[in-house]
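One letter stands for each residue in the lines below.
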Amino acid sequence: MGTVQNHSRDWVKIKFTFHVPVETDVEKVRKLVKRVGVELLEDPELEGKFIEPMKSQGAVAIKGQSFEIGVKYMCKPGQQFTIRRKAYAALQQAFRNNGIELHRPSITLDSGDPLGVAPG
């Protein structure tokens, strides 16, 4: 048996998340995601592939020192991977151009010494 595909649905809903530091203006992020979604609709390579444009669901969770931002869009079956790849690249560029950084997890170790000096 080769590849099995289900073409009985006429749409695919894609959801993904990313994390930004808690200091980030989540409303600015929401507006950037919406703007990128409009730009993707105008991309000739993606013409006719969207059913609903990409949009932000806003902050869907707080994880440690970051907000988890939800994003979703609806498209025709089989087109989700091309759209997602272009969406990631477009979001990365939009964030870079607007000073939005993705959260970078870090680990802090406590030595137990109030002066921060390890025993020698």
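The text that follows walks through the structure, step by step, so that each part is easy to find.

Thresholds, definitions, all that
- In this convention, every chain numbers its residues from 1, walking through the sequence in written order.
- Only residues with pLDDT of 70 or above have their local features reported here, since the model is predicted, and side-chain atom pairs are shown and tallied only from 80 upward, although totals for entire chains, interfaces and linings are computed over all residues.
- Neither water nor hydrogens contribute to the side-chain values; these are computed over all heavy atoms in the structure.
- Going along the chain from the N terminus, every DSSP run of H or I of four or more residues is numbered as a helix, and every run of E of two or more is numbered as a strand.
- Between the first and last residue of a helix there are one fewer steps than residues, each counted as 1.5 Å, and that sum is the expected span.
- Only protein chains enter the calculation, and the probe is 1.4 Å; a residue is then buried if its accessible area is under 20% of its type maximum, exposed if over 50%, and partly exposed in between.
- Starting at the helix axis, one direction is taken to each C-beta atom, and the arc is that of these directions.
- Contacts: residue pairs with any heavy atoms within 4.5 Å of one another.
- Note on pairing: two strands pair once DSSP finds at least 2 bridges between them.
- Pairing of N or O atoms within 3.5 Å defines a polar contact, subject to two protein rules: one partner must be a possible hydrogen donor and the other a possible acceptor, and residues neighboring in sequence count only if both atoms are side-chain atoms.
- Put simply, a salt bridge is a Lys or Arg side-chain nitrogen that is within 4 Å of an Asp or Glu carboxyl oxygen.
- Nonpolar core, defined: a set of buried Ala, Val, Leu, Ile, Met, Phe, Trp, Tyr and Cys residues in which side-chain atoms within 4.5 Å join the residues together.

### Considerations on helix 1 (residues 26–41)
Its 16 residues place the ends of helix 1 23 Å apart at the C-alpha level, agreeing with the 22 Å of an ideal helix rising 1.5 Å per residue. Where helix 1 is concerned, the buried positions are Val-29, Leu-32, Val-33, Val-36, Gly-37 and Leu-40. Across the axial projection of helix 1, the buried residues extend over an arc of 140°, all falling on one side. Residues of helix 1 that are buried in the fold lie against strand 1 (12–21), strand 2 (50–63), strand 3 (66–75) and helix 2 (80–97).

### Points about the pairing of strand 2
In this sheet, strand 3 lies alongside strand 2 in antiparallel orientation, the contact comprising nine bridges. Among the inter-strand pairings, Ala-61 is bridged to a residue of strand 3, identified as Glu-68. Between strand 2 and strand 3, which pair antiparallel one after the other, the connecting turn spans two residues, and Gly-64 there sits at a positive phi close to 60°.

### Concerning the side chain of Thr-24
The topology assignment puts Thr-24 in the loop between strand 1 and helix 1. A polar atom in the side chain of Thr-24 sits 2.8 Å from the backbone oxygen of Pro-21. Beyond its immediate sequence surroundings of up to four residues, Thr-24 is in contact with Val-29, Phe-67 and Ile-100.

### A few points about the pattern of salt bridges
Opposite charge on two side chains makes pairing possible when the charged atoms of those side chains draw close. Within this structure, the stated rule accounts for five salt bridges. A salt bridge links Glu-39 to Arg-35; the shortest N-O distance between them is 3.5 Å. One end of the pair is Glu-39 and the other is Arg-35, both in helix 1 and four residues apart, which spans about a single turn. One salt bridge in this structure joins Asp-43 and Lys-86, with 2.8 Å as the shortest N-O distance. In this pair, Asp-43 is assigned in the loop between helix 1 and strand 2 and Lys-86 in helix 2, connecting sequence segments 43 residues apart.

### Structural notes on the nonpolar core
In this structure, Phe-16, Phe-18, Val-33, Met-54, Tyr-73 and Phe-95 are the most contacted members of the largest nonpolar core, which totals 24 residues. Beyond its immediate stretch of four places on either side in the chain, Phe-95 contacts Phe-18, Val-29, Leu-32, Val-33, Ile-100 and Leu-102.

### Notes on the environment of Ile-51
Within the element layout of this structure, Ile-51 appears in strand 2. Note: C-alpha distance between Ile-51 and Lys-76 (25 residues apart in sequence) is 6.6 Å. Leave out the neighbours within four places in its chain, and Ile-51 touches Asp-10, Trp-11, Met-74, Cys-75 and Lys-76.

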